[in-house]
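Working through the structure, step by step
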Amino acid sequence: DGGITQSPKYLFRKEGQNVTLSCEQNLNHDAMYWYRQDPGQGLRLIYYSQIVNDFQKGDIAEGYSVSREKKESFPLTVTSAQKNPTAFYLCASSTLVGTVNQPQHFGDGTRLSIL
Amino acid sequence: SQQGEEDPQALSIQEGENATMNCSYKTSINNLQWYRQNSGRGLVHLILIRSNEREKHSGRLRVTLDTSKKSSSLLITASRAADTASYFCAAHGSGNTGKLIFGQGTTLQVKP
């Protein structure tokens, strides 16, 4: 079955600790995205990547970092600089036709909490 | 900045009734997409309407787009308890690099 896998489903972070959220897709999509969702809110874009070894900041990139070494993988690191990391994190992927976004496919999210 | 704003924020109806959700956006768009999210899960794409389209249907879903008013609506007909979820619009701005801007969503409860 093709899809996006996020792990872990639940994650806890201690003060001053960096944590990494995994996102893997086997849809052969070029573009991948990380979103943050707070309770009762829509999605806000953290980072996105349209090609391997290249990525761009979204609207709320401060305190986060990403890498795109392989087409299938787009891990997100929540650094200690992110002072309010408690949220639901969603990874998505899509094909691109030129710069036109095709529908995005989402993983089932990682819920990050502070200990 | 967030382009999509939705109303109502919450909607509760009886099974069999129709549900209408509205979305407004701020700038010109290439297309507008609607997604559904069940509690604690990821989003699932429902329907995409391009800027040169005015109406689109998919099963019990009907989406309209009015680019002059910068607004869209999603109609779910003959609702079922299984339609209970949050629904989000997402605007793909013209000229940008593939990013979507999501609205805050409408939470729909369908009572059996």
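Structure: see above.
All residue numbers refer to position in the chain's written sequence, counted from 1. Going through the entries in the order they are written, you letter the chains from A and number the ligands from 1. In keeping with the predicted nature of the model, local features appear solely for residues at pLDDT of at least 70, side-chain atom pairs appear and are counted solely at 80 or more, and the whole-chain, interface and lining totals rest on all residues. As a rule here, side-chain values cover all heavy atoms of the structure and leave hydrogens and water aside.

This part is about the overall build of chain B. Assigned secondary structure in chain B consists of zero helices and 11 strands. The way it works is that DSSP assigns letters per residue, a run of H or I at least four long becomes a helix, a run of E at least two long becomes a strand, and they are numbered from the N terminus. Order of helices (α) and strands (β) in chain B, N terminus to C terminus: β-β-β-β-β-β-β-β-β-β-β. Dimensions of chain B, computed from C-alpha atoms along their principal axes, come out at roughly 45 × 30 × 20 Å. Evaluated residue by residue, chain B yields a buried proportion of 46% over its 112 residues. In chain B, the proportion of contacts linking residues at least 24 apart, taken out of those at least 6 apart, comes to 56%. Split by element, the accessible area of chain B, about 5100 Å² in all, is 46% carbon and sulfur. In this tally Asp and Glu are treated as negative and Lys and Arg as positive; neither His nor the chain ends contributes. Positions of charges follow a simple convention, taking NZ of Lys, CZ of Arg, CG of Asp or CD of Glu. Here chain B contributes 13 positive and 9 negative side-chain charges, whose respective centroids are spaced 6 Å apart. Per-residue accessibility, obtained with a 1.4 Å probe over protein chains only, is compared with the maximum for each type, and a residue is labelled buried under 20%, exposed over 50%, and partly exposed between these values. Whether two residues touch is decided by their heavy atoms; if any such pair falls within 4.5 Å, the residues are in contact. Per-residue and other accessible areas were derived by the Shrake-Rupley procedure at a 1.4 Å probe size, with only the shown protein chains allowed to occlude residues.

We call Phe, Tyr and Trp rings a pair once their centres come within 6.5 Å, taking the six-membered ring for Trp, and we label the pair stacked below 30 degrees between planes, edge-to-face above 60, and tilted otherwise. As enumerated under the stated definition, the model contains nine aromatic pairs over all chains in all. Of the aromatic side chains, those joined through ring pairs into one cluster are Tyr33(A), Tyr35(A), Tyr48(A), Phe106(A), Tyr35(B) and Phe102(B). Stacked on the ring of Phe74(A), the Lys or Arg Arg68(A) has its end atom at 6.0 Å from the ring centre. Our definition puts a charge over a ring when NZ of Lys or CZ of Arg is within 6 Å of the ring centre and also within 35 degrees of the ring normal.

Listed per partner, the contact involves 23 residues of chain B and 24 residues of chain A. Buried area between chain B and chain A, summed over both chains or domains, comes out near 1800 Å², and the portion from carbon and sulfur atoms is 49%. Only one rule defines a salt bridge in this text: a Lys or Arg side-chain nitrogen within 4 Å of an Asp or Glu carboxyl oxygen. Inspection of the region where chain B meets chain A yields one salt bridge. Polar contacts, as used here, are pairs of N or O atoms within 3.5 Å; protein pairs need one atom able to donate a hydrogen and one able to accept it. Residues neighboring in sequence count only if both atoms are side-chain atoms. If you look at where chain B meets chain A, you find five residue pairs in polar contact (both at pLDDT 80 or more). Elements that contribute at least two residues to the side of chain B that touches chain A include exactly strand E4 (29–37), strand E5 (43–50), strand E9 (85–93) and strand E10 (100–102) of chain B. Any residue outside Ala, Val, Leu, Ile, Met, Phe, Trp, Tyr, Cys, Pro, Asp, Glu, Lys and Arg is labelled polar, Gly included; the first ten of those are nonpolar and the last four are charged. Classifying every residue of the side of chain B that touches chain A by side-chain character gives seven nonpolar, 14 polar and two charged. By definition, the buried area sums, over both parts, the 1.4 Å-probe accessible area that each loses when the two are put together.

So, about a nonpolar patch on the surface. Together, Tyr10(A), Phe12(A) and Leu115(A) make up an exposed nonpolar region whose accessible area comes to about 380 Å². Considering the arrangement of structural elements, one finds Tyr10(A) in strand E2 (residues 10–13). Each patch is assembled from residues with relative accessible area greater than 30% and no salt bridge, linking like charges that lie within 9 Å and nonpolar side chains (Val, Leu, Ile, Met, Phe, Trp, Tyr) that lie within 5 Å.

Attention now goes to the sheet that holds strand E8 (residues 76–78) of chain A. All names here are of chain A. Here we have four strands laid out as an open sheet, ordered E1-E3-E8-E7, and antiparallel in their pairing. Because the sheet does not close on itself, it has two edges, and the strands there are strand E1 (4–7) and strand E7 (64–66). Across the sheet, the mean angle separating the axes of adjacent strands is 20° when strand polarity is ignored. For two strands to be treated as a pair, DSSP must find at least two bridges joining them. In this structure, E1 lies alongside strand E3 (residues 19–25), joined through four bridges in antiparallel fashion. Its bridge partner lying in E3, Ile 4 is registered against Gln 25. Axis angles are defined between N-to-C directions and span 0 to 180 degrees, where every axis is a line fitted to C-alpha atoms and, for a helix, only to the segment in contact.

Cis geometry is adopted by the peptide bond preceding Pro8(A), which originates at Ser7(A) and carries an omega value of -10°. Residue position: Pro8(A) is located in the loop between E1 and E2. Here the residue pair Asp7(B) and Pro8(B) is connected by a cis peptide bond, since its omega of -5° sits within 30 degrees of zero. Looking at the element boundaries, Pro8(B) is found in the loop between strand E1 (5–7) and strand E2 (10–14). Of note, Asn53(A) is a non-glycine position whose phi angle comes to about 70°, a positive value. One can find Asn53(A) in the loop between strand E5 (43–51) and strand E6 (54–57). The exposed category is assigned to Asn53(A), whose relative accessible area is 61%.

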